[in-house]
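# A closer look at the structure
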Amino acid sequence: MSLNVLRGEILSFTDDPDQSTDQGYVHYDDGILIIEDGLIKAIGPASELLSAIPADAVVLEYQNKLIMPGFIDTHIHYPQVDVLASYGEQLLEWLNNYTFPTEKQFSDPQTARETADFFLDELIKAGTTTALVFGTVHPQSVQAFFEASESRNTRMICGKVMMDRHAPDYLCDTADQSYEDSKALIEQWHGRGRQLYAVTPRFAITSSDEQLQKAGQLLQEYPGIFMQTHLSENTDEVDFVQQLFPGAEDYLDVYDQNGLLSSRSVFAHGIHLCEREHARLRDTQSSISFCPTSNLFLGSGLLDLAALEKAKVSYSMGTDVGGGTSFSMLQTLNEAYKVAQLRQHKLSPLKAFYLATLGGAKALKLDHLIGTLQPDREADFIVLDYAATPLIKRRISKCQTLEDRLFAMMILGDDRSIAETWVAGQCLYQSSLND
Ligand code: GUN
Ligand code: ZN
């Protein structure tokens, strides 16, 4: 049996703080978290739990830190590590000029494994413990990713990109091949340890009707698997989709007609949607992944969070590396706040940290396993450092409330703010700032 006891300030969400009948979170200034065999055994105030700790247990004490669930990133591309910070283009040119040529390299399993290792180390360093991840069209890219994730015991969801048109030949599969390759990966990886599979048609432009139909068939054949794609990110993209699918009511309807909307479906971006699309997303319990650093970097637009709230569409946070510009969920929340400001909407710090943890878990229908610190949940959590830089330390020292501190962390923080990252009860990362 392995046992770890941590003592310090603890925060964990129980509900959406904007919707909840109570405050939607638990917070202990002096809390105890007990971890046994990779799971949370107990959480509570030190005054109540100290007596429950075995006499011989070592208690790890944290001062000026905040223990909270690991971040959940609901949209990211692992093969795009080397696409980050590519100059000057919007979506369709950016894909053609930078992204497709880079993804070509992933036919090589060694490139794939080396990049997957680098990518997972970056995510963990940034405090992200679960992500919904795009591979490339090459099944070996997903094989390499799952192997790298399995060796760290991280809970990850990944899928082979399906794309059979409007892309260079070297990156195209066929409807049948993509079905067979996806099926083989699902059989091998979905539910093996902590790994899960997502059917991954890239977006409507790069899939024929026949391929989208095959994607829908896979979802029918394997209940419990996920679906990830892009939706209504850029206005030129939306226009092209309308031309390609004249029989569809709107962009979302292309996916809907092929059975791709469900409670395990995550659509990245969804910036330029109409009311009908919002209603269909809500009615099918599909969700949007909000990727503010990407939406700003690629000049895609400003997601209207108030409209999603009004239409009761579920949403969570994605970095969208490498259209996005940071692995850090804190930096992503920083940009999310500013996007909301430009739309005359306020993203509160409590809502922001909820979206980055339990909100992500709920979007993925994994909240019975991750996203919150409760007994029997998987012990994926991070330790945030309130004093990672002199500036943050100084600003935090002026804060009066938890909300003030969270807001300072999301606006000023980044991967330097992550003191430790724990995955399934093991500490996988410790900042050298703590030495
Ligand atoms: N739409 C289709 N493919 C992509 C991609 O790789 N990144 C982003 N941001 N949008 C896409
Ligand atoms: Zn993307």
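Residues numbered from 1 in each chain as written. Chains lettered and ligands numbered in written order. Predicted model: local features only at pLDDT ≥ 70, side-chain atom pairs only at ≥ 80, totals over all residues. Heavy atoms only, no water.

### Looking at the site of ligand 1
- Close to ligand 1 lie His-77, Gln-80, Leu-91, Trp-94, Leu-95, Arg-202, Phe-203, His-230, Glu-233, His-269 and Asp-320, which account for all nearby residues.
- His-230 places a side-chain nitrogen or oxygen 3.4 Å from a nitrogen atom of ligand 1.
- About the coverage of ligand 1: the protein hides 100% of its 280 Å² of free accessible area.
- For the shell around ligand 1, a count of residues per class yields four nonpolar, four polar and three charged. (Near = heavy atom within 4 Å. Polar contact = N/O pair within 3.5 Å; in protein donor to acceptor, adjacent residues only side chain to side chain. Areas by Shrake-Rupley, 256 points an atom, 1.4 Å probe, with all protein chains shown as cover. Nonpolar A, V, L, I, M, F, W, Y, C, P; charged D, E, K, R; others polar.)

### Some remarks on the pattern of salt bridges
- What the rule picks out here adds up to 26 salt bridges.
- Glu-103 serves as the salt-bridge partner of Arg-202, at 2.9 Å between the closest nitrogen and oxygen. On the criterion of sequence distance, the pair formed by Arg-202 in the loop between β9 (195-201) and α6 (209-221) and Glu-103 in helix α2 (residues 91-104) is long-range, its members being 99 residues apart. Comparing Arg-202 with Glu-103 shows no difference in burial state: the two are buried.
- Measuring nitrogen to oxygen at the nearest pair gives 3.9 Å for the salt bridge that ties Glu-249 to Arg-276. (Salt bridge = Lys/Arg side-chain N within 4 Å of Asp/Glu carboxyl O. Helix = DSSP H or I, 4+ residues; strand = E, 2+ residues; numbered from the N terminus. Buried < 20%, exposed > 50% of the residue type's maximum accessible area, 1.4 Å probe, protein only.)

### Concerning the packing of helix α4 (residues 139-152) against helix α5 (residues 175-189)
- Two elements in contact, α4 and α5, have axes separated by 10 Å at closest approach and are oriented at 15°. Taken together, α4 and α5 sit at an angle that is classed as roughly parallel. Both α4 and α5 take part in a crossing whose hand is right-handed. Listed contacts from α5 to Pro-139, Val-142, Gln-143, Phe-146, Glu-147 and Glu-150 of α4 are Asp-181, Leu-185, Gln-188 and Trp-189.
- In terms of residue class, the contact of α4 with α5 is made up of five nonpolar, two polar and three charged. (Axes fitted to C-alpha atoms, helices over the stretch in contact; angles between N-to-C directions. Parallel < 35°, antiparallel > 145°, perpendicular 65-115°, else oblique. Left-handed = near helix turned anticlockwise from the far one by under 90°. Contact = heavy atoms within 4.5 Å.)

### Examining the sheet that holds strand β4 (residues 59-69)
- Taken together, the seven strands give an open sheet; going across it, the order is β3-β2-β1-β4-β14-β15-β16, and neighbouring strands pair in mixed fashion. Sheet topology places β3 (39-45) and β16 (426-430) at the edges, where each strand pairs with a single neighbour. Along the sheet, successive strands turn relative to each other by an average axial angle of 35°, direction set aside.
- Of the strand pairs in this sheet, strand β1 (residues 3-13) and strand β2 (residues 25-36) are connected by 10 bridges, and their pairing is antiparallel. Paired with Gly-8 across the strands is Gly-31, a residue of β2. (Pairing = 2+ DSSP bridges.)

### Overview of α2
- With 14 residues, α2 should cover 20 Å at 1.5 Å per step; its first-to-last C-alpha distance of 18 Å lies within 8% of that length.
- The axis of α2 is deflected most strongly, by about 35°, at Tyr-98, and proline Pro-101 appears within four residues downstream.
- Among the residues of α2, those classed as buried are Leu-91, Leu-92, Trp-94, Leu-95, Thr-99, Phe-100, Thr-102 and Glu-103. (Expected span 1.5 Å × (residues − 1). Bend = angle between axes of the 7 residues up to and from the residue.)

### Remarks on the nonpolar core
- Ranked by size, the top nonpolar core spans 109 residues in total, and within it Phe-119, Phe-145, Tyr-255, Ile-288 and Phe-353 carry the most contacts.
- The residues contacting Ile-288, other than those within four sequence positions of it, are Leu-231, Phe-267, His-269, Gly-270, Leu-273, Leu-281, Leu-303, Leu-308, Val-313, Ser-314, Tyr-315 and Ser-316.
- In terms of nonpolar packing, the next biggest core, distinct from the first, is built from 15 residues, Ile-10, Ile-67, Ala-379 and Trp-422 among them. (Core = buried A, V, L, I, M, F, W, Y, C linked by side-chain atoms within 4.5 Å.)

### Overview of the packing of helix α3 (residues 109-125) against α4
- Where α3 meets α4, the closest approach of the two axes is 8 Å, and the angle between their N-to-C directions is 45°. What the angle tells us is that α3 and α4 run oblique. Crossing of α3 over α4 shows right-handed handedness. Between α3 and α4, the contacting residues are Pro-109, Ala-112, Arg-113, Ala-116, Asp-117, Phe-119, Leu-120, Asp-121 and Ile-124 on the first element and Gln-140, Ser-141, Ala-144, Phe-145, Glu-147, Ala-148, Ser-149, Ser-151 and Arg-152 on the second.

### Comments concerning unusual backbone geometry
- In this model, Val-321 is joined to Gly-322 through a cis peptide bond whose omega is 5°.
- On the secondary structure map, Gly-322 appears in the loop between β13 (314-317) and α12 (329-342).
- The backbone of Asp-320 shows a phi angle near 55°, a positive value even though the residue is not glycine.
- On the secondary structure map, Asp-320 appears in the loop between β13 and α12.
- Here Asp-320 falls in the buried class, since its relative accessible area comes to 3%.
- Look at Ala-424: it is not a glycine, yet its phi comes out positive at around 45°.
- If you trace the backbone, Ala-424 turns up in the loop between β15 (418-423) and β16.
- Assessed through its relative accessible area of 14%, Ala-424 is described here as buried.

### Overview of the coordination of the zinc ion (ligand 2)
- Looking at the zinc ion (ligand 2), the protein donor atoms are His-75 (NE2), His-77 (NE2), His-230 (NE2) and Asp-320 (OD), and they sit 2.0 to 2.3 Å from it.
- Each of the four donor atoms bound to the zinc ion (ligand 2) contributes to angles spanning 89 to 168°, and the resulting shape is irregular.
- Of note, the zinc ion (ligand 2) draws all its donor residues from one chain, in the sequence arrangement H-x1-H-x152-H-x89-D. Of this pair, His-77 sits in strand β5 (residues 71-77) while Asp-320 is found in the loop between β13 and α12, placing the two residues 243 residues apart along the sequence. By the burial criterion, His-77 is buried, and Asp-320 matches it. (Donors = N, O, S within 2.8 Å, 3.2 Å for Na, K, Ca; no water. Tetrahedral: all angles 85-135°; square planar, octahedral: opposite > 155°, others 65-115°.)

### Some details on the packing of aromatic side chains
- In this structure the tally under the stated criterion is 14 aromatic pairs.
- Taking 6.0 Å as the distance between ring centres and 65° as the angle between the ring planes, the aromatic pair formed by Tyr-78 and Phe-119 counts as edge-to-face. Of this pair, Tyr-78 sits in the loop between β5 and α2 while Phe-119 sits in helix α3, and the two are 41 residues apart along the sequence. The pair formed by Tyr-78 and Phe-119 is uniform in burial state, with each residue classed as buried.
- Ring geometry for Phe-146 and Trp-189: centres 5.2 Å apart, planes at 25°, overall stacked. (Phe/Tyr/Trp six-rings, centres within 6.5 Å; stacked < 30°, edge-to-face > 60°.)

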